Amino acid sequence: ISEDLRRAQEEWEAVEEIQSGLGGTSASAAPPISFNEALQYFQTADLSQCRKKVQATVRRQGLAALVHFLFGPPRLQPQLQGERELALAMAQCGLDDNERVHMRILQTIYKKLTRSRLGCPRYGAHWEELGFQGVDPGTDLRGTGMLGLMQMLYFVMDARTLPLALEIFKLSQHETQARGVWAAVMLLLLQNFPFCIMSVNITRIVIQALREERLSRECNRRQQVIAVLNDLYAAAFLQLFRLWKWQHKTIADSGFLLKELEFSAKKKPKQLLRSLEAYVSHGPVAGGLQHPFPAAGGEEMDFTGVCDPRVELEGEARLI
């Protein structure tokens, strides 16, 4: 593409954004933000109020506390405590319209999932199309805060996981072209689901696994916390995708699958992470994206709906 043509395209896109009411200097017109740039912002931001809301670990009493002390996972090494606290503080940080980095994160997620060069208004039905429950994504982040958006950002900005994110988003948009009676029947078979709400629920599972010290061994081994959280998030989404697609799951099965993911994240995180490593190392086909993934199980559980996974969270979090 010639330089003149490239410049003309940029000017036309700027005109389109201004005409759509976004404004040429809004966050939507800003370049996409990388995960590392966003993380650096949170590392230097004043999160003191968010840190006050953090309940670092799950409280145990009596026999449960003794069993955990004797047979539970190892404690996180002292040099990693600061990174752990940062992750939990981000989970208590709400989406702020006045923080430019927050808006850039939101716009980057929108652009990467829709493959659009243009941004979008802060509020609107377009967020429901991405899988939020309403016109304001911020209302769906209670309990995960900005960590929920940061994990989505990681998912779509990492070249290794972007193909997986787009494939899952495509499945979440599954629709039928049937009409009449067949349409009513097909509604029961549709595999569509709210992508962003599912993502938030997976982040909640990851947060809970962190709070219960289920990830300490892996964090200690890698000397990282947030990177482990992100990989576990992506690995859980990969497992969800495999089960959902190849076992022909629908939204009615979502509570069951989320409980399976919760079980795997807490009891078998290493197995989940290995599946992600295989996918990243060998690509979608060789990594098993095209083949069914065995369900994790082993215990009878009381399952709830997609919008009500019974996970204990910090502060005044409410389940979606």
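Note that the structure is a prediction, hence the values are computed from the model and not measured.

Novice: Mind showing me how you'd approach the overall build of the chain here?
Specialist: The helix and strand inventory of the chain stands at 15 helices and zero strands. Within the span of the chain, comprising 320 residues, buried residues form 50% of the whole. A separation of at least 24 residues holds for 75% of the contacts in the chain among residues at least 6 apart in sequence. With an accessible surface of roughly 15900 Å², the chain has 53% of that area assigned to carbon and sulfur atoms.

Novice: Can you help me understand the pattern of salt bridges in this one?
Specialist: Considering all chains together, one arrives at 12 salt bridges under this definition. Measuring nitrogen to oxygen at the nearest pair gives 2.7 Å for the salt bridge that ties D97 to R122. Residue D97 is located in the loop between α5 (81–90) and α6 (100–114), and its partner R122 is located in the loop between α6 and α7 (126–130); the two are separated by 25 residues in the primary sequence. With a closest N to O distance of 3.0 Å, R222 and D231 form a salt bridge. Taken together, the shared-partner salt bridges connect E212, R214, K259, E262 and K266 into one network.

Novice: Looking at this structure, I do not really get the environment of L276. What am I missing?
Specialist: Considering the arrangement of structural elements, one finds L276 in helix α15 (residues 269–286). In the structure, L276 is positioned 40 residues away from A236 in sequence and 8.6 Å away in space, judged by C-alpha atoms. Setting aside residues up to four positions removed in sequence, L276 forms contacts with D231, A234, A235 and L238.

Parameters at a glance
- Residues numbered from 1 in each chain as written.
- Predicted model: local features only at pLDDT ≥ 70, side-chain atom pairs only at ≥ 80, totals over all residues.
- Heavy atoms only, no water.
- Helix = DSSP H or I, 4+ residues; strand = E, 2+ residues; numbered from the N terminus.
- Buried < 20%, exposed > 50% of the residue type's maximum accessible area, 1.4 Å probe, protein only.
- Contact = heavy atoms within 4.5 Å.
- Areas by Shrake-Rupley, 256 points an atom, 1.4 Å probe, with all protein chains shown as cover.
- Salt bridge = Lys/Arg side-chain N within 4 Å of Asp/Glu carboxyl O.

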